[in-house]
Amino acid sequence: MDFAKQVVKALEVPHTDEEGVSSGLQFSDDLLPVPVEERTWTAFSYVAFWMITSSMIVLGMSWWQAWLVIWIGYGVMTPFIVLAGRPGAVFHVTFPVVNRASFGIFGSLWCVFNRATMACIWYGVQSSIGGSCVLVMLRAIWPSVNNIPNTMPLSSGTNTRDFMCFIIFWIVSLPFIWPPVHKIRHFFTFKMIITLFACLIFMIWCIVKAKGVGPIVKQPATIHGSELAWAMISGIGVCISNMITLTTNAPDFGSRAKTPSAPIVSQFWSIPFSYGLICLFGVIVSSSSQTIYGETIWSPVDLLAKFLDDDPSNATRFGVWFIAFSFIIAQLILCTLSIYRTNISANSVSAGCDLTALFPRFINIRRGGYISAIVGLVMCPWNLVSSSSRFSSYMSAYSVFLSAIAGVTEYWFVRKGHYNVSDLYVTRKGSWYWYNYGFNPRAYAAYVAGIAINVVGFAGDTGTPVPIAATQIFELSFFTGFGVSSIVYYILSWMFPVPGSGGVFAEIDVSGYEEKRMTSCDEDTNSKDGSTEKESSTV
């Protein structure tokens, strides 16, 4: 029995005892507001952090219409990201803790579990894409890699060559999980430089090989009128679905902001600009492939692999190796042209924050990141990405859940910036976020309403015949889910006021947690200095 207790004790994460904090909720220091010395993210860090067009062109849009959709889709989501991250930037708390304010101390766990599941699966998907980049890079060095005999059964869904490349990428990604969150901003700066440089080289190379930009940039739209309008709306929905996870992630990185204003202006221009620029590169590269090979190749990795098919020169092999290597770095830090999502930021860090909230006694952000990597491996992600329709249906389903969660926002319109940071960590009746035994029924009613409006349309997305109106509502799932849940939550909070609902908007912590923490640190420092002086005088 004593041995078992010792094992449990050894597995616990180190933690600092905080006055007034329930130990069951906070065994991990990663759940507490971020200390001042770890608030290192400046405005430039958020620009570097942020630094799908093909399917829209396939739907019948011209290249500039598809590009316009990219700008609109990501531009529309930018204010939501900034607004969602504001509590993190002001009070320096992560998403699981911010969510306690809306759903309650215990009610938030379901939302946290949802996002943790999404982050773990995305980690596996991104690793699968990274494995494809590894294959191209290795082929540029050793062409015989492409001919590795397969020894894996058909039921595995992959082959020996691809699985080897997946494992290489997966192993290489593990050290990137180790650094603390406040230090990984340097990775994003490096990613921004190398990704833009590689994309520019790739684009120029393709234009030179094709002796021009190719026919796609001259290709007119093949759909018009209402059909074009709904295709553009659908494309905007794809962009929004791609950003849902990053919207809920916003407090995780906002909590590391050096100042509350650091994430605002920098993200307002960097998000639409970076996505628009990268997608423009993708359109030009894919258009050039039509001239070079007689077919449009939308995946940049597949196009690089094509460059290696016809007895390439040493210069070509080196160019392919460098671009593939850059894409691997981008995939590790911020993924390549087509997906443009982060394995570190959107997945391992987010999963780490969420798992910390679910199992605070044994998991911190670092351990949670490694757990997400293990889940991403054992889920066999190549089976998920092998069917684009299956993957799209999965993504659509989760965007419905996450938009309803994002819509339950009490920060701006209910409590109007008033926070009680100390009460975010206590299970005491009468505290702001205790509600009904730790659950906020208003939030769950709003959450269910936000999901319900999209249920019929989701059934249609899986192949069940449904009215066209339901399909069109589903294509606007973020706005319908977010809008309905926001309105229902506001009305219920007006009918049944929550503790601390403010009259005038003011971003203040009524508990004075930060001041108490600083005072406690000063007292500890003075106490240590006094002890040192006493020892010196004794000697």
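Residues numbered from 1 in each chain as written. Predicted model: local features only at pLDDT ≥ 70, side-chain atom pairs only at ≥ 80, totals over all residues. Heavy atoms only, no water.

1. Thoughts on helix H6 (residues 108-141)
Reasoning step 1: Between its first and last C-alpha, H6 extends 49 Å over 34 residues, near the 50 Å set by a 1.5 Å rise per residue.
Reasoning step 2: Burial analysis of H6 places 28 of its 34 residues in the buried class, which makes it a mostly covered element. (Helix = DSSP H or I, 4+ residues; strand = E, 2+ residues; numbered from the N terminus. Expected span 1.5 Å × (residues − 1). Buried < 20%, exposed > 50% of the residue type's maximum accessible area, 1.4 Å probe, protein only.)

2. Considerations on the confidence of the model for the protein
Reasoning step 1: For the protein, per-residue confidence averages 78 on the pLDDT scale, and 77% of positions sit at 70 or higher.
Reasoning step 2: Of all helices and strands in the protein, the one with the weakest mean pLDDT is helix H2 (residues 43-50) (40), whereas helix H7 (residues 160-173) scores best (92).
Reasoning step 3: Predicted confidence is poor over residues 42-54, with pLDDT under 50, and the contacts of this stretch with residues over four places away or in other chains come to 59 contacts.
Reasoning step 4: Contacts for the low-pLDDT stretch residues 532-539, under 50 throughout, to residues beyond four places or in other chains number 0 contacts. (pLDDT = per-residue confidence, 0-100. Contact = heavy atoms within 4.5 Å.)

3. Re the nonpolar core
Reasoning step 1: One finds Met243, Tyr419 and Tyr433 to be the most contacted residues of the largest nonpolar core, which totals 62 residues.
Reasoning step 2: If you list the elements that add at least two residues to this core, you get helix H4 (63-91), helix H5 (95-103), H6, helix H9 (225-254), helix H10 (264-293), helix H16 (388-407), helix H17 (441-461) and helix H19 (477-495).
Reasoning step 3: By residue number, the principal contributor to this core is H9, which donates 10 residues.
Reasoning step 4: If sequence neighbours within four positions are ignored, Tyr433 has contacts with Arg100, Ala101, Gly104, Ile105, Arg415, Tyr419, Asn420, Asp423 and Leu424.
Reasoning step 5: Within the second largest apolar cluster, 32 residues are counted, among which are Met137, Phe202, Phe281 and Leu304. (Core = buried A, V, L, I, M, F, W, Y, C linked by side-chain atoms within 4.5 Å.)

4. What to know about the packing of aromatic side chains
Reasoning step 1: With the rule as written, the count across this model stands at 28 aromatic pairs.
Reasoning step 2: Between Trp412 and Phe505, the aromatic rings sit 5.4 Å apart at their centres with planes inclined by 0°, giving stacked as the arrangement. Within this pair, whereas Trp412 is found in the loop between H16 and strand S1 (418-419), its partner Phe505 is found in the loop between H19 and strand S2 (508-509), the two being separated by 93 residues in sequence.
Reasoning step 3: Aromatic rings pair up to connect Phe91, Tyr411, Trp412, Tyr419, Trp432, Tyr433 and Phe505 into one cluster.
Reasoning step 4: The lysine or arginine in question, Lys209, covers the ring of Phe307, its NZ or CZ lying 5.0 Å from the ring centre. (Phe/Tyr/Trp six-rings, centres within 6.5 Å; stacked < 30°, edge-to-face > 60°. Lys NZ or Arg CZ within 6 Å of the ring centre and 35° of its normal.)

5. Observations concerning the environment of Gly254
Reasoning step 1: Tracing the sequence through the fold places Gly254 in helix H9.
Reasoning step 2: Sequence separation between Gly254 and Pro87 is 167 residues; the distance between their C-alpha atoms is 7.9 Å.

6. As for the side chain of Ser431
Reasoning step 1: Tracing the chain through its elements places Ser431 in the loop between S1 and H17.
Reasoning step 2: Residue classification places Ser431 among the buried residues on the basis of a relative accessible area of 3%.
Reasoning step 3: Residues contacting Ser431, with those up to four places away along its chain left out, are Asp423 and Val426.

7. Observations concerning the packing of H10 against helix H11 (residues 300-307)
Reasoning step 1: The contact between H10 and H11 brings their axes to 11 Å, and the two run at 35°. For the element pair H10 and H11, the recorded crossing hand is left-handed. Counted together, Val285, Ser289 and Tyr293 of H10 and Leu303, Lys306 and Phe307 of H11 form the full contact between these two elements. (Axes fitted to C-alpha atoms, helices over the stretch in contact; angles between N-to-C directions. Left-handed = near helix turned anticlockwise from the far one by under 90°.)

8. Concerning the pattern of salt bridges
Reasoning step 1: For the structure on display, the rule yields 5 salt bridges.
Reasoning step 2: Ionic pairing is found between Arg415 and Glu410, a salt bridge with its closest N-O pair at 2.7 Å. Like Glu410, Arg415 is buried.
Reasoning step 3: As a salt-bridge pair, Asp423 and Arg428 come within 3.3 Å of each other at their nearest N and O atoms.
Reasoning step 4: Judged by its relative accessible area of 7%, Asp423 is buried.
Reasoning step 5: A residue is classified by how much of its surface remains accessible, and Arg428, at 46% relative accessible area, is partly exposed. (Salt bridge = Lys/Arg side-chain N within 4 Å of Asp/Glu carboxyl O.)

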